[in-house]
Amino acid sequence: MKNGEIVIRRGEMADIPWLKPIERAATGRFRGHPAFEPFWEQDFTPELFARHVRDRTLWVVTLDDSPPVAMAFTSEIDGIAHLEEIDVHPDVSGKGVGSELLEAVCAIARVSGYPAITLSTLTDVPWNAPFYAKRGFRILAPHELTPGLVQLQRREAMGGFPMHLRVI
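Residues numbered from 1 in each chain as written. Predicted model: local features only at pLDDT ≥ 70, side-chain atom pairs only at ≥ 80, totals over all residues. Heavy atoms only, no water.

(A) Quick look at the side chain of Glu 156. Examined against the element boundaries, Glu 156 turns out to sit in helix H6 (residues 147-158). Those residues in contact with Glu 156, other than ones at most four positions away along the chain, are Ser 120, Phe 161, Met 163 and Arg 166. (Helix = DSSP H or I, 4+ residues; strand = E, 2+ residues; numbered from the N terminus. Contact = heavy atoms within 4.5 Å.)

(B) Looking closely at the pattern of salt bridges. Summed over the entire model, instances satisfying the criterion amount to seven salt bridges. The closest approach of N and O atoms between Glu 144 and Arg 138, which form a salt bridge, is 2.6 Å. Judged by relative accessible area, which is 53%, Arg 138 ranks as exposed. As a salt-bridge pair, Arg 166 and Glu 156 come within 3.1 Å of each other at their nearest N and O atoms. (Salt bridge = Lys/Arg side-chain N within 4 Å of Asp/Glu carboxyl O. Buried < 20%, exposed > 50% of the residue type's maximum accessible area, 1.4 Å probe, protein only.)

(C) Up close: the packing of aromatic side chains. Applying the stated criterion to the full structure yields nine aromatic pairs. Members of the aromatic cluster, joined through ring pairs, are Phe 30, Phe 39, Trp 127 and Phe 161. Its end group placed over the ring of Trp 40, Arg 31 keeps NZ or CZ at 5.2 Å from the ring centre. (Phe/Tyr/Trp six-rings, centres within 6.5 Å; stacked < 30°, edge-to-face > 60°. Lys NZ or Arg CZ within 6 Å of the ring centre and 35° of its normal.)

(D) Region of interest: the environment of Val 125. By the secondary structure assignment, Val 125 is in the loop between strand E7 (121-122) and helix H5 (129-133). The spatial distance from the C-alpha of Val 125 to the C-alpha of Phe 30 is 8.8 Å, given a sequence separation of 95 residues. Residues within four places of Val 125 in sequence aside, it is in contact with Phe 30, His 33 and Pro 130.

(E) The arrangement of helix H3 (residues 46-55) in detail. The complete set of buried residues in H3 reads Leu 48, Phe 49, Ala 50, His 52 and Val 53. Arg 56 occupies a position one or two residues after H3 and carries a positive phi of about 60°.

(F) A look at the environment of Gly 148. Here Gly 148 shows up in helix H6. Separated by 16 residues in the primary sequence, Gly 148 and His 164 have C-alpha atoms spaced 19 Å apart. Ignoring anything within four residues of it in the chain, the contact list for Gly 148 reads Ile 77 and Asp 78.

Here is the structure:
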């Protein structure tokens, strides 16, 4: 997929060395937030990225022929596509990269036959829940959570996330 200089494509093994630095830089934007430590402690290993490359659930953004500047990976929870992670390097944030990547991931989920896509995010960070709400996402009520999403919330709580600020 290409839109101007933003190129979104499936991740490849050659992209892996660029991905953890993108995630670290993006996570750095949370310094001072109660979710910073849980985000910082997440271990995005080369093996994790390699699994997503093999599963064809990793997407990267390049600008022209640059190395990746953003990435996203997905999974499936209870038959629904789930956006596990989306990270945009701060050097290119605010330029439409995250919006284009999110739109591409959602389009791929649609054409893959998923009825919806979910994600877990923070309510009080402008580039989290408010960003997704502007793009058509809504917060699920507790009775709408599938067993897998409830389990995801439990894992996040055990990981130290401030659950009073976390929504699906």
